[in-house]
Amino acid sequence: MKAYILRRCLLLVPILFGITLIVFSFMHIIPGDPIDIMLGETAQAVSKDHFRKLLHQDKPIPLQYILFLKDVFTGNLKSIPSEENVWAKISERFPATAELAIWAMVFAIVISIPLGMLAAVKHKTYLDGISMLISLLGISIPHFWLGPLLIILFAYTLPIFPISERSGFLSIVLPAITLGTAMMALLSRLTRTSTLEIIREDYIRTARAKGLSETTILFKHVLKNTLVPVITIAGIQMGALLSGSIITETVFDWPGIGSLLVEAIQSRNYPLVQGCVILIATLYVVINLLTDILYAWADPRIRLQ
Amino acid sequence: MTKIGLILVTLFILAGLFAPFLITHDPKSTDISHRFSPPSHTHWLGQDKLGGDIYSKIIYGARISLTVAIVSTLLSFFIGLLLGSLAGYYGGWWDECLMRLVDILLAFPGLLLIFALAAFLSPSLLNVIMLFSIVGWTGFARVTRAQVLSEKEKEFVQAVRSLGANHSRILIRHIWPNILSPLIVQASFVMGGIIIGESSLSFLGVGVPPDIPSWGNMLSLAKQSSFQPGFIAIFPGIAIMLTVLGFNFIGDGLRDLWDPKLKK
């Protein structure tokens, strides 16, 4: 197990460097001078020079990358033109995103596991059909439409929830449902497939032959084994929640990383964009790694591959 | 389900193709004095914040969304097929380099990379297509590589090799026909994904330029008035969802057709 964890962690290093390299190259795909675009053509030559120095744009490209890495790791990345520290800005907004992602995940898991198991137990009945239709709709419905739909229904027509802003528990309900629906849909399909496989296993037949009730079989024997693949995918999807939060936070004006990224793009604050992208991608990779390790711990066959 | 999918997708493709004959108003025209007018017999689905005709914009938007989805998917498909085949067939350092590049590109969750790249480029239809292709080929390359790896060890490949067939003939004539089905299934899901992706980019203001009526731009405009009145946001969303559902139905249907094991 230790060797497996070590190997996986080592593989992380080139990926993290790859991420920073791609994010660094963003600045060089801009058609034209990035400083001109950030500050506007009319900015004074003195301040242009100042920011060119700050972003190391006056150095050769390989050196620029090294200095960029240094800024990223020492937390010295600076916003343009306010010169605010990028990491400070991000850590101020991060709790809101974490809160949203966690509640979205809770929503997805609480709905999807019973729904998927119900569909499997009632395989090929109308209940199965309905729950699979719900999951197919959930996969096809984009965040930027589900959000407005929920706002129109539950904030305007039936004023139950606040429209936007982060204020108390009620305000997180609609954003969390919006963000969690795609994951809910995916997980319920997965729970259904996985349950369908498990209820055909020999040990379930044995349990039945022993005279156990269907509920005991379902909750004591099927559920546990269903959870293994479901938790893995839930972990991987946690990363997808981070990128989904960009849209969801924009729809609900939720003050997290996602809306920070959109604001940074609109104000052409490129270092802040780079910081947000590095953070989200790194979190995604690390969460995937933790999920893999957890999975390998739960299922020893994985480690040997 | 597959039939419903085919019908939906065909309808939207026809709408896109014959958009100039189907629209009732110029999709780019504005009429501020009648903004937010509800659906009526002249404006079937109402008018948006600028007084634009929502029905005409949706029909015209089908053209934009489907063009992006189809062109980007085709490009990704061929780039992925080619690079993935070379990696799976020849192996070695090329395989190693390519797969590490794929790992790095896939290390960015979902739309993040496309979204960030789009932010640094100027918004244009061509850029949007290019971005989805640059990022989209990775999935196809992975599937192709895995398929080629397993196919190339099979006896029929050894047989044609012993008959003297060269590498390109083995790949193109013998391996590719056997690996196409999972790739086509993937392509139909990717199309759905790109429809959502393109609208997301436009919704966030970094996709198709705002003066081109696309589904994402319509929702972005609706956001400016906090999605009020409801119909300005509901109709474009229905169009997006039906198209995506259509592609997903087709993908599901094809997968069941080609992989009977899943049917039981």
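Conventions we followed
- Residues numbered from 1 in each chain as written.
- Chains lettered and ligands numbered in written order.
- Predicted model: local features only at pLDDT ≥ 70, side-chain atom pairs only at ≥ 80, totals over all residues.
- Heavy atoms only, no water.
- Helix = DSSP H or I, 4+ residues; strand = E, 2+ residues; numbered from the N terminus.
- Buried < 20%, exposed > 50% of the residue type's maximum accessible area, 1.4 Å probe, protein only.
- Contact = heavy atoms within 4.5 Å.
- Areas by Shrake-Rupley, 256 points an atom, 1.4 Å probe, with all protein chains shown as cover.
- Lys, Arg positive; Asp, Glu negative; His and termini not counted.
- Charge placed at Lys NZ, Arg CZ, Asp CG, Glu CD.
- Buried area = accessible area lost by both parts, 1.4 Å probe.
- Salt bridge = Lys/Arg side-chain N within 4 Å of Asp/Glu carboxyl O.
- Phe/Tyr/Trp six-rings, centres within 6.5 Å; stacked < 30°, edge-to-face > 60°.
- pLDDT = per-residue confidence, 0-100.
- Expected span 1.5 Å × (residues − 1).
- Patch = residues over 30% accessible without salt bridge, like charges linked within 9 Å, V, L, I, M, F, W, Y side chains within 5 Å.
- Domains from an automatic or database assignment.
- Nonpolar A, V, L, I, M, F, W, Y, C, P; charged D, E, K, R; others polar.
- Axes fitted to C-alpha atoms, helices over the stretch in contact; angles between N-to-C directions.
- Parallel < 35°, antiparallel > 145°, perpendicular 65-115°, else oblique.
- Core = buried A, V, L, I, M, F, W, Y, C linked by side-chain atoms within 4.5 Å.

A. Structural detail: the overall build of chain B. Along the backbone of chain B there are ten helices and zero strands. Seen through its principal axes, chain B has C-alpha atoms that stretch 75 × 40 × 30 Å. The burial tally for chain B puts 53% of its 264 residues in the buried class. Looking at chain B alone, contacts between residues at least 24 apart form 71% of all its contacts between residues at least 6 apart. By element, 68% of the accessible surface of chain B is carried by carbon and sulfur atoms, the whole surface being about 11600 Å². Charged side chains in chain B number 19 positive and 15 negative. The centres of these two groups are separated by 4 Å.

B. Main features of the interface of chain A and chain B. In this assembly, 46 residues from chain A lie in contact with 42 residues from chain B. Summing both partners gives a buried area of about 3800 Å² for chain A against chain B, and 81% of it is carried by carbon and sulfur. When the buried area of chain A at its contact with chain B is split by residue, Ser 140, Phe 144 and Trp 145 of chain A rank highest and sum to 18% of it. Applying the counting criterion to the chain A and chain B interface returns two salt bridges.

C. Looking closely at the packing of aromatic side chains. Counted by the stated rule, this structure contains ten aromatic pairs over all chains. Considering the side-chain rings of Trp 93 of chain B and Trp 94 of chain B, the 6.5 Å spacing of their centres and the 80 degrees angle between planes classify their relative orientation as edge-to-face. Here Trp 93 of chain B falls in the exposed class, since its relative accessible area comes to 66%. Put simply, the rings of Phe 24, Tyr 65 and Phe 68 of chain A touch in pairs and so form one group of aromatic residues.

D. Broad picture of the confidence of the model for chain A. Taken over all residues, the pLDDT of chain A has a mean of 86, while the share at 70 or more is 97%. Looking over chain A, one finds the lowest element-wise mean pLDDT in helix H2 (residues 34-39) of chain A, namely 80, and the highest in helix H5 (residues 86-121) of chain A, namely 92.

E. Inspection of helix H6 (residues 126-140) of chain A at higher detail. Here H6 of chain A spans 21 Å end to end across 15 residues, near enough to the 21 Å set by a 1.5 Å rise per residue. Turning to H6 of chain A, its buried residues are Asp 128, Ser 131, Met 132, Ser 135, Leu 136, Gly 138 and Ser 140 of chain A. Looking at the buried positions of H6 of chain A, the neighbouring elements they touch are H5 and helix H8 (170-198) of chain A together with helix H8 (167-203) and helix H10 (231-258) of chain B.

F. Local environment of a nonpolar patch on the surface. Side chains of Ile 102, Trp 103, Val 106, Val 110, Ile 111 and Phe 169 of chain A sit close together on the surface and give an oily, nonpolar patch of about 540 Å² of accessible area. For Phe 169 of chain A, the position within the fold is in the loop between helix H7 (143-157) and H8.

G. Structural detail: the pattern of salt bridges. A full pass over the atoms with the stated rule returns 17 salt bridges over all chains. Notably, a salt bridge pairs Asp 252 of chain B with Arg 189 of chain A, separated by 2.9 Å at the nearest N-O pair. With one member in each of two chains, Asp 252 of chain B in helix H10 and Arg 189 of chain A in helix H8 form a pair that bridges those chains. In this structure Asp 252 of chain B comes out as buried when scored by relative accessible area, which is 13%. Residue Arg 189 of chain A is classed as partly exposed on the basis of its relative accessible area of 25%. Glu 96 of chain B serves as the salt-bridge partner of Arg 100 of chain B, at 2.5 Å between the closest nitrogen and oxygen. Linking Arg 100 of chain B with Glu 96 of chain B, this pair stays in helix H4 (residues 92-106), spanning four residues, or about one helical turn. Residue Arg 100 of chain B is classed as partly exposed on the basis of its relative accessible area of 33%.

H. Spotlight on the domain arrangement of chain A. Residue and element names in this part refer to chain A. What the domain assignment lists for chain A is domain 1 (2-74) and domain 2 (96-266 + 276-304). Put simply, the middle of domain 1 and the middle of domain 2, counted by C-alpha atoms, are 35 Å apart. On the side of domain 2, twelve residues touch domain 1, which itself brings 14 residues to the contact. At the boundary of domain 1 with domain 2, total buried surface from both sides reaches about 1100 Å², with 85% on carbon and sulfur atoms. Viewed at the interface, domain 2 and domain 1 are joined by one salt bridge. When contributions to the side of domain 1 that touches domain 2 are tallied by element, the ones reaching two or more residues are helix H1 (2-29) and helix H4 (61-74). The dominant element in the side of domain 1 that touches domain 2, judged by the number of residues it contributes, is H1, at twelve residues. Among the residues forming the side of domain 1 that touches domain 2, the class breakdown is eleven nonpolar, one polar and two charged.

I. Main features of the packing of H5 of chain A against helix H11 (residues 257-266) of chain A. All names here are of chain A. Where H5 contacts H11, the axes come no closer than 7 Å and their chain directions differ by 135 degrees. Classed by the angle they form, the pair H5 and H11 counts as oblique. From H5, Lys 89, Ile 90, Arg 93, Phe 94 and Thr 97 reach across to H11, where they touch Ile 257, Gly 258, Ser 259, Leu 260 and Glu 263. Its residues assigned to classes, the contact of H5 with H11 comprises four nonpolar, three polar and three charged.

J. Local environment of the nonpolar core. Ranked by internal contacts, the top residues of the largest apolar core, which has 118 residues, are Phe 26, Leu 261 and Val 277 of chain A together with Phe 108, Phe 115 and Trp 215 of chain B. Those residues in contact with Phe 115 of chain B that sit more than four places away from it in its chain are Ile 246, Leu 261, Val 262 and Ile 265 of chain A together with Leu 201, Leu 204 and Val 206 of chain B. Membership of the second largest hydrophobic core comes to 26 residues, among which are Ala 96, Ala 101, Ala 104 and Leu 241 of chain A.

K. Quick look at the environment of Asp 49 of chain A. Tracing the backbone through its elements, the reader meets Asp 49 of chain A in helix H3 (residues 45-54). On a C-alpha basis, the gap between Asp 49 of chain A and Ile 35 of chain A in space is 8.9 Å, while along the polypeptide they are 14 residues apart.

L. View of the confidence of the model for chain B. Residue and element names in this part refer to chain B. Taken residue by residue, chain B gives an average pLDDT of 87. The fraction at 70 or more is 98%. Of all helices and strands in chain B, the one with the weakest mean pLDDT is helix H2 (residues 19-22) (85), whereas helix H3 (residues 54-90) scores best (93). With pTM at 0.86, the complex prediction returns an ipTM value of 0.82.

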